[in-house]
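Letter by letter, the chains look like this.
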Amino acid sequence: MTHVFTRRRLLLGAGIFSLVLLMLALVARVFLTGLAIGTALKSAGASEVRFQVTQASLWRVVVEDIGFLVRLQPFAAKRVSLDRAHWWSLSLGKLQIQQAQMALNVDHLVGNQPAAPAAPSGRPVSLPLEEISIDGQLVLQAAGLPDQALTVKINAQPTGVGGWTGQTQVTAPGLALSGTGRLDGGNGELAFTLPELSLDLKKWQGFLQHLVSLPAEDWEVEGIFSGNAAGRFAGGKLAVGGSLKLREGRAVSVAKAVTGEGISADLEFTDFAHVITKPGTLTLRELRIGQLTMRDLQGAFALEGPDRIAVSQVSLQTLGGRIAAEPFRLVPSRRELDAVLLVENVSIEEVMALTKDLPAKATGQVNGRVPVRINQDGLRLGTGWLALKPGVSAELQLNAKGLLTGGATPGSPGFAVLQKVESGLLKLKLSELRLDIRPTNAPEGRSAQLHIAGEPVDKDVKAPVTLDLNVNGPLEKLINMGLDSRLSIGAGK
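Residues numbered from 1 in each chain as written. Predicted model: local features only at pLDDT ≥ 70, side-chain atom pairs only at ≥ 80, totals over all residues. Heavy atoms only, no water.

Draft legend 1. Focus on the overall build of the protein. Of the regular secondary structure elements, the protein holds five helices and 28 strands. Here the protein holds 493 residues, and the buried ones make up 34% of them. Within the protein, counting contacts between residues at least 6 apart in sequence, those at least 24 apart form 45% of the total. Total accessible area on the protein stands at roughly 29400 Å², and carbon and sulfur atoms take up 58% of it. (Helix = DSSP H or I, 4+ residues; strand = E, 2+ residues; numbered from the N terminus. Buried < 20%, exposed > 50% of the residue type's maximum accessible area, 1.4 Å probe, protein only. Contact = heavy atoms within 4.5 Å. Areas by Shrake-Rupley, 256 points an atom, 1.4 Å probe, with all protein chains shown as cover.)

Right under this line is the structure:
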């Protein structure tokens, strides 16, 4: 009996001792695991490291409440786990990172040109893992804007020696992106595709304005961008191509008195990194600039870099006719336009309606060719012309006493007729009308010369009229603000 009792005591003691050893082993494993993780993170440049090892065995390691800084950039995750099917396997198994979170301030991206990635060494990138799975949030921050969280999911699997293939999804209100990638472990070449990209401009305008400088602070933009991309990174060089579309676009600037409606664009990029495209298309249903309304704008253009646009064709309907432009280039950072406009069937009456206090009324249609420059100082017209459309008559009614008779003798032939014309009592039916803008032979200060030939509309008045008028002072004031003290119209001498 005593022998049996003693044996039981020995077995109980051995069991307790084994349990203590097991507990000590587990504590030691947890401690050593935590020590290894902390050492690895600090070796990688992390600071203010915090985490809790909640499970550590040969088959499974779980670390929770992870947080650390890398160059003052915070990183965090709710849980990181490693699962191994066999403890004797050389692989660490499947790595899963859950509820990861990282903040990114977009203001820090502006003006900071990232260093070019180092060229691959040619050695395989070997990670002893069977799978990597990450889900979490990338929180975008910008001054004056509420934080915007992007939901990010990444899954990657090894392929071959040091190779990897992976998939990613990024979603947020008004944003969707998906992509796949493949890393060649032999040469370090990375190939990737982004088959889906969608962005709501209205919802993301605030962040875009921190990345892209718009010409007016009060621009409001709407529309849906969609597209795709594919490319590769090899030998230290990045090559990316793809397409981008804009639909249902709208842009408004109260400060500039500009409104664009029904904007659509299609572009095919040959080089996303350097912003280079093939010729693409742009259409606007309606564009309003001040009092001027333009419709059915059709354009073809190509991007030749981040600050250079080559416009090969553009035309629109306005002022009762059609205006097109010869090919030209834009440099957005200069905020100016230099182009030559080709005018066809434009209504004289609608053009004059844009002016202020002009002492004349007219009807008819004109064609022409007019160079224009628009910049922060306003509109500037170059050497060009407008002329009455061949075979089409026009009518002109003046209301400017002294305009035609100011330098004439009261008793001279035709004085009475000119007096009635300038006072508006007689309309003229024009067979000739030509406006030469800044002619090369004009005296200094003269911005235009107007030639008119016709006869009174009243058939009872038989008096052909030929007039040559000079515009002295900036012609642009007629269009911008109307007449002022710096502009006068007088009969040619």
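Draft legend 2. Molecular detail of the nonpolar core. Counting 50 residues, the largest nonpolar core has Ile-348, Leu-396, Leu-398, Leu-404, Val-421, Leu-430 and Leu-467 as its most contacted members. In terms of residues, this core owes the most to one element, strand E12 (residues 258–271), which gives five residues. The residues contacting Leu-467, other than those within four sequence positions of it, are Leu-404, Leu-418, Leu-428, Leu-450, His-451 and Ile-452. Val-63, Ile-66, Phe-68 and Leu-95 belong to the second-largest nonpolar core, a separate cluster that totals 15 residues. (Core = buried A, V, L, I, M, F, W, Y, C linked by side-chain atoms within 4.5 Å.)

Draft legend 3. Main features of the pattern of salt bridges. This model, assessed by the stated rule, comprises 16 salt bridges. Arg-288 is paired through a salt bridge with Glu-286; the nearest N and O atoms lie 2.2 Å apart. We classify Arg-288 as partly exposed; its relative accessible area is 28%. The shortest N-O distance in the salt bridge between Glu-326 and Arg-369 comes to 3.1 Å. Of this pair, Glu-326 sits in the loop between strand E17 (321–325) and strand E18 (328–330) while Arg-369 sits in strand E21 (residues 365–375), placing them 43 residues apart in sequence. Judged by relative accessible area, which is 27%, Glu-326 ranks as partly exposed. Its relative accessible area of 33% is what places Arg-369 among the partly exposed residues. The network of salt bridges with shared partners includes Arg-250, Glu-261, Glu-286, Arg-288 and Arg-295. (Salt bridge = Lys/Arg side-chain N within 4 Å of Asp/Glu carboxyl O.)

Draft legend 4. Spatial organisation of helix H4 (residues 415–422). Taken together, the buried positions of H4 are occupied by Phe-415, Val-417, Leu-418, Val-421 and Glu-422. Along the long axis of H4, the arc covered by the buried residues comes to 160 degrees, so they all point the same way. The secondary structure elements touched by the buried residues of H4 are strand E24 (394–398), strand E25 (428–437) and strand E27 (465–472). Directly after H4, the chain includes Gly-424, whose backbone phi takes a positive value near 90 degrees. (Arc of directions from axis to C-beta.)

Draft legend 5. Representation of the pairing of strand E22 (residues 378–381) in the model. Bridge count between E21 and E22: four bridges; the pairing is antiparallel. Looking across to E22, one finds that Asn-375 is bridged to Gly-378. Hairpin connection, E21 to E22: the antiparallel pair is bridged by two residues. (Pairing = 2+ DSSP bridges.)

Draft legend 6. Molecular detail of helix H2 (residues 201–211). Of all the residues in H2, the buried ones are Leu-201, Trp-204, Gln-205 and Phe-207. N-capping of H2 is provided by Asp-200, with a side-chain oxygen placed 3.0 Å from the backbone N of Lys-202. (Polar contact = N/O pair within 3.5 Å; in protein donor to acceptor, adjacent residues only side chain to side chain.)

Draft legend 7. Spatial organisation of the environment of Pro-439. Its location among the elements puts Pro-439 in the loop between E25 and strand E26 (446–456). By relative accessible area, which is 15% here, Pro-439 ends up buried. Residues Pro-439 and Thr-383 lie 56 residues apart in sequence; the distance between their C-alpha atoms is 5.9 Å. Excluding its chain neighbours within four sequence positions, the residues that come into contact with Pro-439 are Ser-447, Ala-448 and Gln-449.

Draft legend 8. Main features of the packing of aromatic side chains. This structure, assessed with the given rule, holds three aromatic pairs. Here the aromatic rings of Phe-68 and Phe-75 are separated by 5.6 Å at their centres, their planes lie at 20 degrees, and the arrangement is stacked. Residue Phe-68 is classed as buried on the basis of its relative accessible area of 18%. (Phe/Tyr/Trp six-rings, centres within 6.5 Å; stacked < 30°, edge-to-face > 60°.)

Draft legend 9. Highlighting the environment of Ser-47. Relative to the helices and strands, Ser-47 is located in strand E1 (residues 46–56). Residues Ser-47 and Phe-68, 21 residues apart in the sequence, show an inter-C-alpha distance of 5.7 Å. Apart from the residues within four sequence positions on either side, Ser-47 is in contact with Phe-68 and Leu-69.

Draft legend 10. Quick peek at the side chain of Thr-277. Tracing the backbone shows Thr-277 in strand E13 (residues 276–277). Of the polar contacts made by the side chain of Thr-277, one reaches the backbone nitrogen of Leu-303; its length is 2.9 Å. Dropping the residues within four chain positions of it, Thr-277 is found in contact with Leu-267, Glu-268, Phe-269, Thr-270, Ala-302 and Leu-303.

Draft legend 11. Fine view of the pairing of E17. Counting buried positions along E17 gives four out of five residues, so the element sits mostly inside the fold. In this sheet, E17 lies alongside strand E16 (residues 309–318) in antiparallel orientation, the contact comprising five bridges. Looking across to E17, one finds that Leu-316 is bridged to Ile-323. In textbook terms, the turn of a hairpin is the stretch between consecutive antiparallel strands, and for E16 and E17 this stretch comprises two residues, one of which, Leu-319, has a positive phi near 55 degrees. Of the strand pairs in this sheet, E17 and strand E19 (residues 337–347) are connected by four bridges, and their pairing is antiparallel. What sits directly across from Ala-324, in E19, is Leu-342.

Draft legend 12. Main features of unusual backbone geometry. One non-glycine residue, Gln-99, adopts positive backbone phi at about 50 degrees. For Glu-248, which is not glycine, the phi dihedral falls at a positive 60 degrees. Among the structural elements, Glu-248 can be located in strand E11 (residues 237–253). Glu-248 sits in the exposed class, given a relative accessible area of 65%.

Draft legend 13. Representation of the environment of Val-457 within the structure. Locating Val-457 in the fold gives a position in the loop between E26 and E27. With sequence-adjacent residues up to four places away left out, Val-457 is seen in contact with Glu-395, Lys-427, Leu-428 and Lys-429.

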